[in-house]
Amino acid sequence: MSVVTIERKVLEKNDALAAQNRLRFRDRGLFVFNLVSSPGSGKTSLLEQTIVELRDRLRLGVIEGDVQTDLDAQRVARYGVPVVQVVTNGSCHLEAQLVQNAADQLDLDGLDVLVIENVGNLVCPANFDLGEALKVVVLSTTEGDDKPLKYPAMFRNASVLVVNKIDLLPYVPCDIEALKRNARQINPDLVIFETSCTSREGIPAWSDWIIQQAAAAHA
Amino acid sequence: MHEMGIAASVVDIVRQYVTDAQAPLVRRVHVRVGELAGVQTESLAFCFEAIVAGTALQGAALDIEHVPAVRACRGCGERFGDGAFLAICPACGSGEVPFVSGSELTVSELELDDEVETPVDDVGQVAGAR
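For the structure given in this document, a descriptive report is provided here. (Residues numbered from 1 in each chain as written. Chains lettered and ligands numbered in written order. Predicted model: local features only at pLDDT ≥ 70, side-chain atom pairs only at ≥ 80, totals over all residues. Heavy atoms only, no water.)

Some details on the overall build of chain B
Okay, so step 1: On a plain count of helices and strands, chain B comes out with two helices and six strands.
Okay, so step 2: Counting from the amino terminus, helix and strand elements in chain B follow one another as α-β-α-β-β-β-β-β.
Okay, so step 3: Since a compact globule built from 130 residues should have a radius of gyration of about 14 Å, the 19 Å found for chain B marks it as more spread out than a globular shape.
Okay, so step 4: Dimensions of chain B, computed from C-alpha atoms along their principal axes, come out at roughly 60 × 30 × 20 Å.
Okay, so step 5: Considering only contacts in chain B between residues 6 or more positions apart, those separated by 24 or more positions represent 70%.
Okay, so step 6: Distance between charge centres in chain B, computed from 8 positive and 20 negative side chains, equals 7 Å. (Helix = DSSP H or I, 4+ residues; strand = E, 2+ residues; numbered from the N terminus. Rg over C-alpha atoms; globule rule 2.2 N^0.38 Å. Contact = heavy atoms within 4.5 Å. Lys, Arg positive; Asp, Glu negative; His and termini not counted. Charge placed at Lys NZ, Arg CZ, Asp CG, Glu CD.)

What about the pairing of strand β2 (residues 31-36) of chain A?
Residues and elements named next belong to chain A.
Okay, so step 1: When you tally the buried positions in β2, you get six out of six residues, the bulk of the element.
Okay, so step 2: Across five bridges, β2 lies against strand β5 (residues 113-117) in parallel orientation. Following the sheet pairing, Asn 34 is matched in β5 by Ile 116.
Okay, so step 3: Two elements, β2 and strand β6 (residues 134-140), share four bridges in a ladder whose sense is parallel. Bridge pairing in β6 places Phe 33 opposite Leu 134. (Buried < 20%, exposed > 50% of the residue type's maximum accessible area, 1.4 Å probe, protein only. Pairing = 2+ DSSP bridges.)

A word on the nonpolar core
Okay, so step 1: Ranked by internal contacts, the top residues of the largest apolar core, which has 35 residues, are Val 29 and Val 107 of chain B.
Okay, so step 2: If you list the elements that add at least two residues to this core, you get β1 (2-9) of chain A together with α1 (3-21), β1 (24-34), α2 (41-52), β2 (61-67) and β6 (105-117) of chain B.
Okay, so step 3: In terms of residue count, α1 of chain B provides more of this core than any other element does, eight residues in total.
Okay, so step 4: Val 107 of chain B has contacts with Ile 6, Glu 7, Arg 8 and Val 10 of chain A together with Val 10, Ile 13, Val 14, Val 29, His 30 and Val 31 of chain B, leaving out every residue within four places of it along the chain.
Okay, so step 5: Among the nonpolar cores identified, the runner-up in size contains 26 residues, and Val 115, Val 136, Val 160 and Trp 206 of chain A belong to it. (Core = buried A, V, L, I, M, F, W, Y, C linked by side-chain atoms within 4.5 Å.)

Some remarks on the pattern of salt bridges
All names here are of chain A.
Okay, so step 1: Within the structure shown, the criterion is met by 19 salt bridges over all chains.
Okay, so step 2: For Asp 112, the salt bridge identified is with Arg 59, shortest N-O distance 3.0 Å. Remark: Arg 59 occurs in the loop between α2 (43-54) and β3 (60-66) and Asp 112 occurs in the loop between α4 (96-104) and β5; sequence separation between them is 53 residues.
Okay, so step 3: Judged by its relative accessible area of 12%, Asp 112 falls in the buried class. (Salt bridge = Lys/Arg side-chain N within 4 Å of Asp/Glu carboxyl O.)

Focus: the interface of chain A and chain B
Okay, so step 1: Each side of the interface is counted separately: chain A has 25 residues, and chain B has 31 residues.
Okay, so step 2: Both faces considered, chain A and chain B share a buried interface measuring about 2,500 Å² in area, 61% of it formed by carbon and sulfur atoms.
Okay, so step 3: Inspection of the region where chain A meets chain B yields one salt bridge.
Okay, so step 4: Between Asp 12 of chain B and Lys 13 of chain A there is a salt bridge, with its nearest N and O atoms 4.0 Å apart.
Okay, so step 5: For the interface between chain A and chain B, the tally reads twelve residue pairs in polar contact (both at pLDDT 80 or more).
Okay, so step 6: Going through the elements one at a time, β1, α1 (12-27), α6 (152-157) and α7 (176-186) of chain A are the ones with two or more residues in the side of chain A that touches chain B. (Buried area = accessible area lost by both parts, 1.4 Å probe. Polar contact = N/O pair within 3.5 Å; in protein donor to acceptor, adjacent residues only side chain to side chain.)

A look at the side chain of Asp 72 of chain A
Residue and element names in this part refer to chain A.
Okay, so step 1: Mapped onto the elements of the fold, Asp 72 is located in helix α3 (residues 71-77).
Okay, so step 2: Buried and unpaired, Asp 72 has no salt bridge, with Arg 75 as the nearest side chain of opposite charge at 4.1 Å.
Okay, so step 3: When near neighbours in sequence (up to four residues on either side) are disregarded, Asp 72 contacts Thr 44, Glu 64, Asp 66, Gln 85 and Glu 117.

Notes on the state of the cysteines
Okay, so step 1: In this structure the tally under the stated criterion is zero disulfides over all chains.
Okay, so step 2: Left unpaired, Cys 92 of chain A is separated from the closest cysteine sulfur, that of Cys 124 of chain A, by 3.4 Å.
Okay, so step 3: Take Cys 92 of chain B: it sits in no disulfide, and the sulfur closest to it among the cysteines is that of Cys 73 of chain B, at 3.7 Å. (Disulfide = S-S within 2.5 Å.)

As for the packing of α1 of chain A against α4 of chain A
A pair of packed helices can be characterised by two numbers: the angle between their axes and the separation between those axes.
All names here are of chain A.
Okay, so step 1: One can describe the packing of α1 onto α4 by two numbers: an axis separation of 8 Å at closest approach and a directional angle of 35 degrees. Read as a crossing pair, α1 and α4 show a hand that is left-handed. From α1, Asn 14, Leu 17, Ala 18, Gln 20, Asn 21, Arg 24 and Phe 25 reach across to α4, where they touch Ala 96, Gln 97, Val 99, Gln 100, Ala 103 and Asp 104. (Axes fitted to C-alpha atoms, helices over the stretch in contact; angles between N-to-C directions. Left-handed = near helix turned anticlockwise from the far one by under 90°.)

Some details on the sheet that holds strand β7 (residues 160-164) of chain A
Residue and element names in this part refer to chain A.
Okay, so step 1: Sheet architecture is open: seven strands sit in the order β4-β3-β5-β2-β6-β7-β8, paired in parallel fashion. The open sheet has two free edges, formed respectively by β4 (83-87) and β8 (191-194), since each of these has just one partner strand. Taking each pair of neighbouring strands and ignoring which way they run, the sheet shows an average axis angle of 20 degrees.

Some thoughts on the packing of aromatic side chains
Okay, so step 1: Applying the stated criterion to the full structure yields six aromatic pairs over all chains.
Okay, so step 2: Taking the centre distance of 5.7 Å and the plane angle of 15 degrees together, the rings of Trp 206 of chain A and Trp 209 of chain A count as stacked. Separated by three residues within a single helix, Trp 206 of chain A and Trp 209 of chain A lie in helix α8 (residues 203-218), roughly one turn from each other.
Okay, so step 3: Since its relative accessible area comes to 9%, Trp 209 of chain A is described here as buried.
Okay, so step 4: Here Arg 71 of chain B stacks its cationic end above the ring of Phe 99 of chain B, 3.9 Å away from the centre of that ring. (Phe/Tyr/Trp six-rings, centres within 6.5 Å; stacked < 30°, edge-to-face > 60°. Lys NZ or Arg CZ within 6 Å of the ring centre and 35° of its normal.)

If you want it as structure tokens, here you go:
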């Protein structure tokens, strides 16, 4: 018997493709973020309100990831932005190859910001690099303030936390200060926004942050 | 539940190595799985066995090394593992405590049986490759 050391990263294929995607986005000065959350937290609603807020100021494009259907792409397309739907057929997360294929179908030179809406899942998407500049995790008040502690990887790997559905705070047992404290225990560097897609509270502040990021990527 | 894809990547890496190096039969595959890698190891072992069944790698043992998540404090140098997701140093209270290990997900070693050749197909690929 003999032992050979090979030291190969299991996700090296995905990582290499993600690096290609990142280079492609950077070359164009395109700001790309990966929008992650559990199902039903309001990722698509947030995206709709963000488009309404920004469509006269930035050229947005969207890649929609879902296990099945193109319902989300239909919703986003109504706002007149270019969108590509990726159907994973059961897979629990997007991978860099799927994003590369989807990006091929978009005119990247005609965009300032590309949003990748991941499959609704607070676990697996944390571990797959897609080539984005950063991850934005959405957590809604109806999910409870303990989620950052229960699903730490997602909050550790994200740069931004959007606490959504704040209009429901009077009706749900969610302590938003505890939620933010729990999130910061996991990741002290998180930038936190609070939004409601119904009242539109917080949407302008969140959108301004996107404008700043797009300007920095473009520089 | 993406361990099937992870297991398939492990098997691809082993097959590629064996094909390129014309290595003898693989008896053991040593993988390192970090606590933060998001991989359920029982499920990985099950998927690995299912994928290699009926191929030249059938019977190879998957040897899984767990790598704990460890943080190191930038302020005082304290290293701590328990409850490593909480980003506060137990010694000095600093919040500057990056992880120094725990994200590993690698195929690190292969044990080869020098007495036995790996069966290859007529194009030199490891038999049973997808």
